[in-house]
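# Architecture and fold: a report
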Amino acid sequence: DTEVTQTPKHLVMGMTNKKSLKCEQHMGHRAMYWYKQKAKKPPELMFVYSYEKLSINESVPSRFSPECPNSSLLNLHLHALQPEDSALYLCASSYDQTGRGEKLFFGSGTQLSVL
Amino acid sequence: QKEVEQNSGPLSVPEGAIASLNCTYSDRVSQSFFWYRQYSGKSPELIMSIYSNGDKEDGRFTAQLNKASQYVSLLIRDSQPSDSATYLCAVGKGTNAGKSTFGDGTTLTVKP
């Protein structure tokens, strides 16, 4: 099983809503990532969890709150988002962060629209 | 100067031709190099990884790495219309931070 599963696939939310994005992998990977991707741009790293601990936060606004309940799950809690936060949110996993660099396996993404 | 630079394209080749995609990087301590393919509206998919100087072949794909020139390329032989996508080059430093830096991508169109 080489799959990273993300839900929901599409999400429309208002600026006062609270929602969560979910990500799951069963490959035994110990590093999990959240990326944000705008149209025709490369993925931008938001957060990295390594062995269930937050290891990188790329100065992401606090309206985005990551959570890693266990080694297979990664959530991204959203609150009071702005229209400019509309993007494709990608979850990825890799075996780990060390050594020769990670091969990333991406989920199918959540297309988020903030109204 | 961007850390990872790619020709934005679009690159257009006829079906059956060789498509050549190029990527340069600025940080000499980089140790790992990846090519991802992203179809429109889809997520990136890893297609090649390379760590040592030289060529690495996988089917119709060949990755080439030259660390002295800080250059990595992807060749697609016998290009097919299904290869039409954006190709992202990613470079990793192989440190404990472990994060890859992505180039802006090159859009490839293979014309039947």
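In this report, we go over the structure that sits alongside the text. (Residues numbered from 1 in each chain as written. Chains lettered and ligands numbered in written order. Predicted model: local features only at pLDDT ≥ 70, side-chain atom pairs only at ≥ 80, totals over all residues. Heavy atoms only, no water.)

In this section: the pattern of salt bridges. Pairing is possible between side chains that carry opposite charge, provided their charged atoms lie close to one another. Within the structure shown, the criterion is met by six salt bridges over all chains. The partner of E52 of chain A in a salt bridge is R30 of chain A, and the shortest N-O contact between them spans 3.2 Å. Taken together, the residues span a long stretch of sequence, with E52 of chain A in the loop between β5 (44-50) and β6 (53-57) and R30 of chain A in the loop between β3 (18-25) and β4 (31-37) at a distance of 22 residues. Exposure remark for R30 of chain A: the relative accessible area of 29% places this residue in the partly exposed category. K2 of chain B is the partner of D104 of chain B in a salt bridge, and the nearest nitrogen-oxygen pair spans 2.3 Å. Taken together, the positions of D104 of chain B in the loop between β10 (100-102) and β11 (106-111) and K2 of chain B in the segment before β1 (4-6) put the pair 102 residues apart, joining distant regions of the chain. (Salt bridge = Lys/Arg side-chain N within 4 Å of Asp/Glu carboxyl O. Helix = DSSP H or I, 4+ residues; strand = E, 2+ residues; numbered from the N terminus. Buried < 20%, exposed > 50% of the residue type's maximum accessible area, 1.4 Å probe, protein only.)

What the rule picks out here adds up to two cavities of 30 Å³ or more. Roughly 50 Å³ of internal volume is contained in the largest cavity. E3, V4, Y25, S26, D27, S30, V91, K93, K99 and T101 of chain B are the residues that line the largest cavity. For the lining of the largest cavity, a count of residues per class yields three nonpolar, three polar and four charged. What the second largest cavity holds in volume is close to 40 Å³. Lining of the second largest cavity is provided by H29, R30, A31, M32, Y49, Y51, E52, C68 and S71 of chain A. A breakdown of the residues in the lining of the second largest cavity according to their chemical character gives five nonpolar, two polar and two charged. (1 Å grid on protein atoms, 1.4 Å probe; cavity = no way out; pocket = protein on both sides within 12 Å on 5 of 7 lines; lining within 4 Å. Points joined across faces, edges and corners; volume = space filled by probe spheres on them. Nonpolar A, V, L, I, M, F, W, Y, C, P; charged D, E, K, R; others polar.)

Below, the discussion takes up the sheet that holds strand β1 (residues 4-7) of chain A. Residue and element names in this part refer to chain A. Judged by pairing direction, the sheet is antiparallel, and its four strands sit side by side in the order β1-β3-β8-β7 without closing on themselves. If you trace the sheet from one side to the other, it starts and ends with β1 and β7 (64-70), each paired once. Geometrically, the sheet is characterised by an average inter-axis angle of 20° between neighbouring strands, direction not taken into account. As paired strands, β7 and strand β8 (residues 73-79) are joined by five bridges and run antiparallel to one another. Residue pairing across strands places E67 opposite N75, the latter belonging to β8. (Pairing = 2+ DSSP bridges. Axes fitted to C-alpha atoms, helices over the stretch in contact; angles between N-to-C directions.)

Now for the state of the cysteines. Counted according to the given criterion, the structure contains two disulfides over all chains. Each sulfur of the disulfide joining C23 of chain A and C91 of chain A lies 1.8 Å from the other. When the S-S torsion is -70°, as for the bridge of C23 of chain A with C91 of chain A, the disulfide is left-handed. Taken as a pair, C23 of chain A in strand β3 and C91 of chain A in strand β9 (residues 87-94) lie far apart in primary sequence, 68 residues in all. Classification of C23 of chain A by relative accessible area gives buried; the value is 1%. Between the sulfur of C23 of chain B and that of C89 of chain B lies a disulfide, 2.1 Å long from S to S. Given an S-S torsion of about -75°, the disulfide between C23 of chain B and C89 of chain B has left-handed geometry. One end of the pair, C23 of chain B, is in strand β3 (residues 19-25); the other, C89 of chain B, is in strand β9 (residues 85-92), and 66 residues separate them in sequence. For C68 of chain A, which is in no disulfide, the shortest distance to another cysteine sulfur is to C91 of chain A and amounts to 9.3 Å. (Disulfide = S-S within 2.5 Å.)

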